[in-house]
Amino acid sequence: MKINWKVVFSLFKRDLRLYFTNPTGYVFITLFIFLSAAAAFWQERFFANNLANLDQLNEVFPYLLLVFIPALTMGVWADEKRQGTDELLLTLPATDFEVVLGKFFAALGVYSASLILSLSHVLVLFWLGSPDLGLMVANYFGYWLLGAAFISVGMVASLLTDNITIGFVLGALFCAILVFIEPIAAVFGESVKNALAPLGVFWHFQDFAQGVISLSGLLYFLSIIGLMLYVNVTLLGNRHWPAEADGYPMSVHQWVRMVSLVIAIISVNVILGRLHWRLDVTAEKLHTLSAETKRLLSEIPEDRPVFIHAYISKEVPEPFVQTRQNLISFLREIDAVAGNRVEVAIHDTEPYSKEAIEAREKFGITPQEVFNPGSARASVAQIFMGVAFTCGAEEQVIPFMDRGLPVEYELIRSIRVVARTGRKKIGVVRTAAQLFGGFDFQTFQSQPEWPVVQELKKQYEVVQISADQPIKEELDGLLVALPSSMPQEELDNLKDYIEQGHPALILVDPLPLFKPALSPSERAGADRNPFMRNQGPPPKPKGDIEAFLRELGVNWNKRQIVWDTYNPHPDFATLPPEFVFIGQGNGNPEAINPEDRVTSGLQELVFLYPGYLQPSASKDYEFTPLVKTGFVSASLPYSRLIRRSFFGFQLAGRGVPHIPNDLDYVIAARINGDTVTKDTTETQKKVNVIVVADLDFISQQFFEIRKRGFQNLNFDNIPFFLNCMDVLVGDESFIELRKRRVKHRTLTRVEAQTQKFVEQRTKEEQDAEAEARRALEEARKRLNEKVAEVRRRPDLDAQTKEIMARNLQEVENRRFEALKKNIEAEKEAKILRSKEHMEAQIRRIQNTIKTFAVLLPPVPVFLVGVFIFIRRRRREKEGAAAVRRLRG
């Protein structure tokens, strides 16, 4: 069909000019910018997440368009009918399709202008931080497609009436069907909801919100636009319809054609959507296979192909939709890239089906119960998302791909591990930490092995070894958790083994939160109940852990615990500063060593009550810091942070003063080198170890956070630990893959301003502590002087002096205690006022940002609208005056 684009362009310019010469149009654009800015920045979640993105706007944008688009389209046809210009318009030398196109492009032009003006939101993000420009492009492309689809729907509503109010209501109603189709379908059952959910806009808009331009999303929105434009042309052309055709009313013919077209469009979308073509425009390219992955796949021997069987539920709850799509997409890409080296079979699996039985019997894959927020009848759903890898006799299984797991890394690691005939061997030294699990005599229960051991087993052969005898076993690496709990004999055997050049990862901890009784400052067996029998043999005394580490080139004070004021998570503002967050936002450019293979590319770590490390002056080993605190930090003695009672160990409250210094503290370091000692014989010692002054950073909760994918909690604790192990044993294949995750792009400007107030508050607390200390010293000095004055009186005998001094001391002590309470209360009041002032200042910063981000962008558009309104009123008055003069 030949289209006269000149006619289309003329209609486009006509409607566009009418819109922008009318002040009402500017009011709508102003309202759109204001509401979208409020959705993006006014919510408390924006500052709580502390991320420079438009996630809050993405969540409500379709709802926002439910108001704006019907207001934009309600007069497209209704105004023509109301003013009687529709007949003139339809007598133009143009086809109905050309007229519809002109109208559509005009409305789309107005909407596009609104979107362009709303780019001020991106400028705000760039002012606050460093957002991902590719993600912004995908977001706005999604906004544009969604708006274009709603405009085509709104035009149909406007064509059905000559009343603009009814046109608005019908437009909002028709668009609402696409927005609320999933919750509406859920009323009729889970199967109906799952079947109709892909017809809703959220299902496809989600890809654009995450920075992915998907073929299925493009097809969906373009299909709606095409279908609705066809409906517009059909309804507009009903004036030409004959009464009947082939014995049937013409309306029946048109309905049949329309239903057939809908079925054809849905079929095309389903068929082409299975291609899973997606263009990842984000900076990190997390939704496409990396170059490192392609290289690893190319190294798989062709004579040892890997077979992948994926058992995936066809329908999953909404929180797992994206994970399912990513898993299928990556599997298909791997299948295409690897060729004959990898064969992939994806099985649609439901509970009790033939595939489910095969998954359980062959690979031990069973359905997982997950929370189903979209179900009206049940709170959980059973879904499959397991993957099995086989290569000859080797087998690896991922029982369930939880939504927090990095899909690409998990798949490629399993492929590489199963394709290799041999694995490197890691020994886990038996200590009181019990990484392999064991029987707890306090609870009389068996403790499971730590998740960190399960994680290591996915890549290495992991064995438990004992150091009660000299270690003879050949190992590629050693993991020593809490060596401070080992007796001296075992420490000596361990040191001898390490000094032979065997790499080791050593995790020490001044206060292990999972079991404070194991702290190195406590005696061996501090966790034993003196009133309980059958607790096993008494433990041997602990060895000298500080001397052990000095021999390996590290000074560590087991009684000191590090704290840091940096905390980039407003949701966790109540955590004590001993929860040490490490990231570039703490002001230390060396917080995470960017030069070392272990830490380069990592973004955020968190340690719980860690210690700090220093190089040993007695050893000439190379000491390389890997992780450091910021400069508003210091250390506290163990005795000030722990309280012992009959019920066990308790952490001290928040009343412990924290006085910072200008130092940074090393929490993790790499030590290597060799020395030659000459006593009676010449001995060469070679050391290759990494020491981390915390064990809790790999505890159960961090694996749960990683597994569940909790919002805004994307710590690099597990990748950091695995990188340490990989570098030590010389297997660095997966280090780059572990670093592939969304960059934590924080609101750096807000963080910087907040940090200033944190430092000010810390200084005020420090001043309050010092002032209270001076006041107490002066009061004690006055007390001592009064007692000394009585003792110096020559007119009293010794006994009288002693009695008077004792009475005076008792009186003054009571006064001193009262004064001490007043001073402490005043100090606490000052600290509380300082904290309240800091919170008020932070709130003021956030309110200022919200105000400027929401109110400033609409102002220029509003002023233009006011100018157009004034100019139009002036012209109307001039025209009225001219008419009156003519009549006169």
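The structure we're discussing is the one just above.
Residues numbered from 1 in each chain as written. Predicted model: local features only at pLDDT ≥ 70, side-chain atom pairs only at ≥ 80, totals over all residues. Heavy atoms only, no water.

A few words now on the nonpolar core. If you look at the biggest cluster of nonpolar residues, it comprises 105 residues, and the most contacted ones within it are Val342, Leu411, Ile415, Leu505, Phe720 and Phe721. The element best represented in this core is helix α25 (residues 717-729), accounting for nine residues. Once residues lying within four places of it in the same chain are set aside, the contact partners of Phe720 are Val598, Thr599, Leu602, Leu605, Phe607, Val627, Ala668, Val692 and Phe697. In this structure, Leu16, Leu159, Phe221 and Phe757 belong to the second largest nonpolar core, which totals 88 residues. (Core = buried A, V, L, I, M, F, W, Y, C linked by side-chain atoms within 4.5 Å. Buried < 20%, exposed > 50% of the residue type's maximum accessible area, 1.4 Å probe, protein only. Helix = DSSP H or I, 4+ residues; strand = E, 2+ residues; numbered from the N terminus. Contact = heavy atoms within 4.5 Å.)

We now examine the side chain of Thr234. Structurally, Thr234 can be placed in helix α14 (residues 215-236). By relative accessible area, which is 8% here, Thr234 ends up buried. A polar contact of 2.8 Å, which involves the side chain of Thr234, links it to the backbone oxygen of Tyr230. (Polar contact = N/O pair within 3.5 Å; in protein donor to acceptor, adjacent residues only side chain to side chain.)

With respect to topology, four strands assemble into an open sheet ordered β6-β5-β9-β10, the strand pairing being mixed. A single partner strand is all that each edge strand has here, and the edge strands are β6 (342-348) and β10 (394-398). On average, each strand axis in the sheet is inclined to that of its neighbour by 15 degrees, with strand direction left out of account. Of the pairings in the sheet, the one linking strand β5 (residues 306-312) to β6 comprises seven bridges and is parallel in character. Its bridge partner being in β6, Tyr311 is matched across the sheet by His347. Sitting on the sheet, helix α18 (residues 354-363) touches β5, β6, β9 (385-391) and β10, and the angle it makes with β5 is about 130 degrees. (Pairing = 2+ DSSP bridges. Axes fitted to C-alpha atoms, helices over the stretch in contact; angles between N-to-C directions.)

With the rule as written, the count across this model stands at 27 aromatic pairs. Residues Phe141 and Phe208 carry aromatic rings whose centres are separated by 5.9 Å and whose planes lie at 70 degrees to one another, so their mutual orientation is edge-to-face. Of the two residues, Phe141 is situated in helix α9 (residues 133-159) and Phe208 in helix α13 (residues 201-209); the sequence distance between them amounts to 67 residues. Between Phe320 and Phe400 the ring centres are 5.9 Å apart and the planes differ by 65 degrees, which places this aromatic pair in the edge-to-face class. With Phe320 in the loop between β5 and α17 (321-338) and Phe400 in the loop between β10 and α19 (407-419), the pair connects residues that are 80 residues apart, well separated along the chain. Here the aromatic cluster, defined as three or more aromatic residues joined through ring pairs, consists of Phe32, Phe61, Phe68, Tyr111, Tyr140, Tyr143 and Phe205. (Phe/Tyr/Trp six-rings, centres within 6.5 Å; stacked < 30°, edge-to-face > 60°.)

What follows deals with the side chain of Ser223. Looking at where Ser223 falls in the secondary structure, it is placed in helix α14. At 2.5 Å, the side chain of Ser223 forms a polar contact with the backbone oxygen of Leu219. Residues within four places of Ser223 in sequence aside, it is in contact with Ile265 and Asn269.

This part is about α25. With 13 residues, α25 extends 19 Å from end C-alpha to end C-alpha; this agrees with the ideal 18 Å at 1.5 Å per step. Directly after α25, the chain includes Gly730, whose backbone phi takes a positive value near 85 degrees. (Expected span 1.5 Å × (residues − 1).)

On to a positive patch on the surface. Taken together, the side chains of Arg640, Arg643, Arg773 and Arg774 present a region of like positive charge at the surface. Here Arg773 is to be found in helix α27 (residues 748-792). On the accessibility criterion, Arg773 (42% relative accessible area) is partly exposed. (Patch = residues over 30% accessible without salt bridge, like charges linked within 9 Å, V, L, I, M, F, W, Y side chains within 5 Å. Areas by Shrake-Rupley, 256 points an atom, 1.4 Å probe, with all protein chains shown as cover. Salt bridge = Lys/Arg side-chain N within 4 Å of Asp/Glu carboxyl O. Lys, Arg positive; Asp, Glu negative; His and termini not counted. Charge placed at Lys NZ, Arg CZ, Asp CG, Glu CD.)

This part is about the pattern of salt bridges. Taken as a whole and assessed by the stated rule, the structure comprises 24 salt bridges. A salt bridge links Glu473 to Lys425, with the shortest nitrogen-to-oxygen separation between them at 2.9 Å. Taken together, the residues span a long stretch of sequence, with Glu473 in the loop between β14 (461-465) and β15 (477-481) and Lys425 in strand β11 (residues 425-429) at a distance of 48 residues. Note that Asp726 is salt-bridged to Arg738, the shortest N-O span being 2.6 Å. Of this pair, Asp726 sits in helix α25 while Arg738 is found in helix α26 (residues 735-738), placing the two residues 12 residues apart along the sequence. Put simply, Glu410, Arg413, Glu455, Lys458 and Arg706 are held in one network by salt bridges that share partners.

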